[in-house]
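Spelled out from the first residue to the last, the chains are:
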Amino acid sequence: MDWEAYLAAVAPAVGLPVDPGWRGGIVRFLGLAAEMAATLDAVALADDHLELDAVLVLQEARHD
Amino acid sequence: MTDPTGPWASATDIADAVSRGSVRAVAVAEAALARIGAANPALGAYTDVTAERTLAMAAAVDEAVAAGRPVGALAGVPFAVKNLYDVAGLPTRAGSKINRERAPAASDAVLVQRMGAAGAVLLGTLNMGEYAYDFTGENAHDGPCRNPHDPDRMSGGSSSGCGVATAAGLAPVSLGSDTNGSLRVPASLCGVFSLKPTYGRLPRTGTFPFVDSLDHLGPFARTARDLAAAYDVLQGPDAGDPGCARRPREPAAPALAARRRLRVGLLDGWFYENAGEQARAAVAGVADALAPHADVDALRLDEAEAGRAAAYLVTNAESADFHLRRLRARAADFDPDTRDRFLAGALLPAAWVARARRVRHWWLERALAAFQRFDLLVAPATPCPAPAGGATVLALAGRTLPLRPSLGLLATPFSCIGLPVTTAPVFGEGRMPIGVQLVARPWREDVCLQAAHLLERAGAAAACPPVASRLRSDAA
């Protein structure tokens, strides 16, 4: 994956100014994140239901 | 009992002496302030010392004692807080340059209020990694926190000042935070106890967030008894934190001396493979000490690797979103060591983050299944003792890893799923300390603390005063 090209394409879409001196560090961390994503991709999750970790729990409305 | 005004007096001994009137809280506070004045320039633990307030709080405790009014469980105990806790009159800097431009906090964080209500005396606020995105203890704006056992080595972070202040005799109790290991890494590297309670146990009201879905608060101390005493006064729900469970207080201190036989799982496999020689030795020593009181068996829980990866991506994305406006407008004002990682986090593919949230749930189910066989899991808190200051890579199991994200490798899986963890310090002969994690099922902090207390009584875990001369030069 060409993370330099990815950075150049996506940073403007998110509205992030990127100093040329920072690019090497950002690319390094994108590569590390990709390694983490690959680890997650190897987990055999069920493909017929979702198990998101956070579920919004609504409280009873307060009436003053 | 040690001199209650001395650097190594325990919090419970100080509270006992102050409550009985055998020492004045003001004398304890003055001694603590003098030590900070002498040691802090070299260690960099405190960023603000609240001396005037300290002495006023201590005087109020003395007045209550003199008048025969009840005083709290921590009467006269000096404490300090990571500088992401609100302290009235101070800007909550959260280790950053940007935040110190904020208006001073109008009131204290809820946990600071609870410490005060228990009679504890605030000394000041403590250095930390910028916006808590750190495992090293280094900070471009406030300077590094130096390890009191060897100032050329890292303190660990991001609750760096907590680890240093408590290890160096500058605060018997300190309060920090933990998103991926920030209560456990500095406890490990500085050789003190810490407690990361169950996610949702302690209210975060009045603290500056890092990753709301992962942020925990908790105490550091030099004994398991002090840790339990501080934890007990911090407990209880608060409506200001929607993530705080509505559970009543469940005091842990009375359970310290429980005699129940524990079923202990020593984490093998991925945890062993990612531990250096000293970390493995520390776990083996803990296992030996627990053996007469527990049924100890090895356990593989290699799904932790995926749990760690999930926490990495959730942290990277959620924290970057939280700071997005600051990153757009003032990225140059960030610490360079956190800025690039925050910027990368703002650019992650959404599918990665959604999958991380699913894997987090998957990992939780597998970890909970392990607690059908075990009461307590044991693993190193860090792969190695304190690295040299300024180091950028970590040599581990034949690989060279980036140090900054990897120092918390073994801690992150447990905060990812909110389990309670006590870190217990192990000092090998002539070596830097390293911590061992004692992990229990949700809401069973009492089991973590019971095990820590048991190890302390057995002589297998203890916080030792810094004595640089006894360190071997090859401590890694």
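Please read these numbers as outputs of a predicted model, since none were measured by experiment.

Helix and strand counts for chain A come out as two helices and zero strands. Taking all 64 residues of chain A together, the buried fraction comes to 12%.

What follows covers the packing of helix α2 (residues 23-41) of chain A against helix α10 (residues 304-322) of chain B. Taken N-terminus to C-terminus, the directions of α2 of chain A and α10 of chain B make an angle of 135°; their axes are 9 Å apart at the nearest point. With respect to each other, α2 of chain A and α10 of chain B are oriented oblique. Between α2 of chain A and α10 of chain B lies a crossing whose hand is left-handed. Residue-level contacts link Ala33, Met36, Ala37, Thr39 and Leu40 of chain A of α2 of chain A to Glu305, Ala306, Ala309, Ala310, Tyr312, Leu313 and Asn316 of chain B of α10 of chain B. For the contact of α2 of chain A with α10 of chain B, a count of residues per class yields nine nonpolar, two polar and one charged.

A few words now on the sheet that holds strand β5 (residues 193-196) of chain B. Residues and elements named next belong to chain B. Strands sit in the order β1-β3-β2-β4-β6-β5-β12-β13-β9-β7-β8 across an open sheet of 11 strands; the sheet is mixed. Edge positions in the open sheet fall to β1 (46-49) and β8 (294-299), since each of these has one partner strand only. On average, each strand axis in the sheet is inclined to that of its neighbour by 25°, with strand direction left out of account. Bridge count between strand β4 (residues 173-178) and strand β6 (residues 216-221): six bridges; the pairing is antiparallel.

This brings us to the interface of chain B and chain A. Taken together, the contact between chain B and chain A spans 30 residues of the former and 26 residues of the latter. Of all elements in the fold, only α10, α11 (324-330), α12 (336-345) and α13 (350-370) of chain B reach the threshold of two or more residues within the side of chain B that touches chain A. At nine residues, α13 of chain B tops the list of elements feeding residues into the side of chain B that touches chain A. Residues that form the side of chain B that touches chain A fall into these classes: 18 nonpolar, three polar and nine charged.

With that settled, the discussion passes to the pairing of strand β13 (residues 433-440) of chain B. All names here are of chain B. Among the eight residues in β13, eight count as buried, and that is most of the element. Here β13 shows two buried faces, one formed by Pro433, Gly435, Gln437 and Val439 and the other by Ile434, Val436, Leu438 and Ala440. Bridge analysis of strand β12 (residues 421-427) against β13 gives seven bridges, and the strand direction is antiparallel. Across the sheet, Val421 pairs through a bridge with Val439, a residue of β13. The loop that links β12 with its antiparallel partner β13 comprises five residues; one of these, Gly430, has a positive phi angle of about 70°.

This part covers the packing of helix α1 (residues 3-14) of chain A against α2 of chain A. Residues and elements named next belong to chain A. Contact geometry for α1 and α2: axes closest at 9 Å, N-to-C directions at 105°. As the angle between them shows, α1 and α2 are arranged roughly perpendicular. When α1 is examined against α2, the residues Trp3, Glu4, Tyr6 and Leu7 are found in contact with a partner set consisting of Arg23, Ile26, Val27, Leu30 and Gly31. A class-by-class count of the residues in the contact of α1 with α2 yields six nonpolar, one polar and two charged.

What counts as what
Residues numbered from 1 in each chain as written. Chains lettered and ligands numbered in written order. Predicted model: local features only at pLDDT ≥ 70, side-chain atom pairs only at ≥ 80, totals over all residues. Helix = DSSP H or I, 4+ residues; strand = E, 2+ residues; numbered from the N terminus. Buried ≥ 20, exposed ≤ 12 C-beta atoms within 10 Å, placed from the backbone. Axes fitted to C-alpha atoms, helices over the stretch in contact; angles between N-to-C directions. Parallel < 35°, antiparallel > 145°, perpendicular 65-115°, else oblique. Left-handed = near helix turned anticlockwise from the far one by under 90°. Contact = placed C-beta atoms within 7 Å. Nonpolar A, V, L, I, M, F, W, Y, C, P; charged D, E, K, R; others polar. Pairing = 2+ DSSP bridges.

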